Amino acid sequence: MLKLALPQLSPVWLNREGSLSSVLEAIQKASKEKADLIVFSEGFVPGYPFWLDGTGGAAFDNPKQKEIFAHYANQAVTIEDGHLDGVCSALKTAGVAAYLGIIERPRDRSGHSLYCSYVYINKEGIICSVHRKLQPTYEERLVWSPGDGAGLVTHKLGDFTVGGLNCWENWMPLTRAAFYGQGEDLHIACWPGNMRNTEDLTPVLAKEGRSYCVSVGSVMTPDCVEDDTPFAEEIRASLGDMPADGGSCVAAPDGSWVLPPLKAETGIRYCELDPAKIRQERQNFDPAGHYSRPDVTQLRVNRQRQSTVRFED
């Protein structure tokens, strides 16, 4: 059995240290409940770019958008600078693994461009993979860069093989197939937070993969915009009542709900996942096993981390 902690939280928006404090608090609570895995929403540290829709985010070479982006980048996570060291230490002490959504500002791609990344940290506090979102969705492309396949890996966690994707990547059939081929049977789908994304797709992915499927999102309100955010009043006015309403949920390998979607509420829910349920459902369908035809169709995946330079010293 695996005990899952499913936190549906409000972000400490565009505040890296505040967001990390929220993560540490959730880890501490999950530890007290003896959870094995805790999962966080897309870009939870330091937050999703909710300002784009209502503030003219597509305006080219616009001073306002430049100022907001610079603030966003300044609050982003650079793993090489140790920004996740505290989280790793807390997970090691707690004996809990985690998937954490971050906005990454990596040194290997200039140190200024941003990537929506999903980070897996094991129970020993070791960062095992950093998956950069392959294709930012629609307005996200105004602030996030396209990632690569280096993070398309799975991880053993007890009796499970776990993998994770960001938001609309979960709609990409070939990307899902890359995980099925590695034996994934516990899939984590992170979202900014809306039932319109999670309610329909989560049980479909569970039935397709004959796996447990977890969707995790946040609850965002105008009150989450801090006063020191550039153009804070304009952003608050543009957001509406609740641009993200959560929708976090867990579906079993037969598509039934383990935890149904939770709307407009925050908190941490827990559930136990039984690996025997996976084997029961794989009896009649296994997407990368007996119900596959590799002699007819195969998928090739490039998992090299991409860079603009290769140095030969």
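Everything below is about the structure printed above this text.
Engineer: Please explain the overall build of the protein as it appears in this structure.
Structural biologist: Regarding its fold elements, the protein presents seven helices and 13 strands. Taking 313 residues into account, the globule formula puts the C-alpha radius of gyration at 20 Å, and the protein, at 19 Å, falls close to it. For the C-alpha atoms alone, the extent of the protein along its principal axes is close to 60 × 50 × 35 Å. Here the protein holds 313 residues, and the buried ones make up 56% of them. Sequence separation of 24 or more characterises 71% of the internal contacts of the protein that already satisfy a separation of 6 or more. Of the roughly 14,100 Å² of accessible surface on the protein, a fraction of 48% belongs to carbon and sulfur atoms. Computed over 31 positive and 41 negative side-chain charges, the separation of the two mean positions in the protein equals 5 Å.

Engineer: I'm lost on the pairing of strand 3 (residues 97-104) in this one. Help?
Structural biologist: For strand 3, a buried count of eight out of eight residues is recorded, marking the element as mostly surrounded by other parts of the structure. Neither face of strand 3 is exposed, since Ala97, Tyr99, Gly101 and Ile103 on one face and Ala98, Leu100, Ile102 and Glu104 on the opposite face are all buried. As defined by bridge partners, strand 2 (residues 37-39) adjoins strand 3 across three bridges and the pair is classed as parallel. When the bridges of strand 3 are listed, Leu37 appears paired with Ala97. Pairing of strand 3 with strand 4 (residues 115-121) involves seven bridges; the strand directions are antiparallel. By the bridge assignment for strand 4, Tyr99 is matched with Tyr120.

Engineer: Which parts of the structure should I look at to understand the state of the cysteines?
Structural biologist: Note: disulfide means a covalent bond formed between the sulfur atoms of two cysteine side chains. The full count for this structure, using the stated rule, is zero disulfides. Cys190 takes part in no disulfide bond, and the closest cysteine sulfur to it belongs to Cys116, at a distance of 6.1 Å. Given a relative accessible area of 0%, Cys190 falls into the buried group.

What counts as what
Residues numbered from 1 in each chain as written. Predicted model: local features only at pLDDT ≥ 70, side-chain atom pairs only at ≥ 80, totals over all residues. Heavy atoms only, no water. Helix = DSSP H or I, 4+ residues; strand = E, 2+ residues; numbered from the N terminus. Rg over C-alpha atoms; globule rule 2.2 N^0.38 Å. Buried < 20%, exposed > 50% of the residue type's maximum accessible area, 1.4 Å probe, protein only. Contact = heavy atoms within 4.5 Å. Areas by Shrake-Rupley, 256 points an atom, 1.4 Å probe, with all protein chains shown as cover. Lys, Arg positive; Asp, Glu negative; His and termini not counted. Charge placed at Lys NZ, Arg CZ, Asp CG, Glu CD. Pairing = 2+ DSSP bridges. Disulfide = S-S within 2.5 Å.

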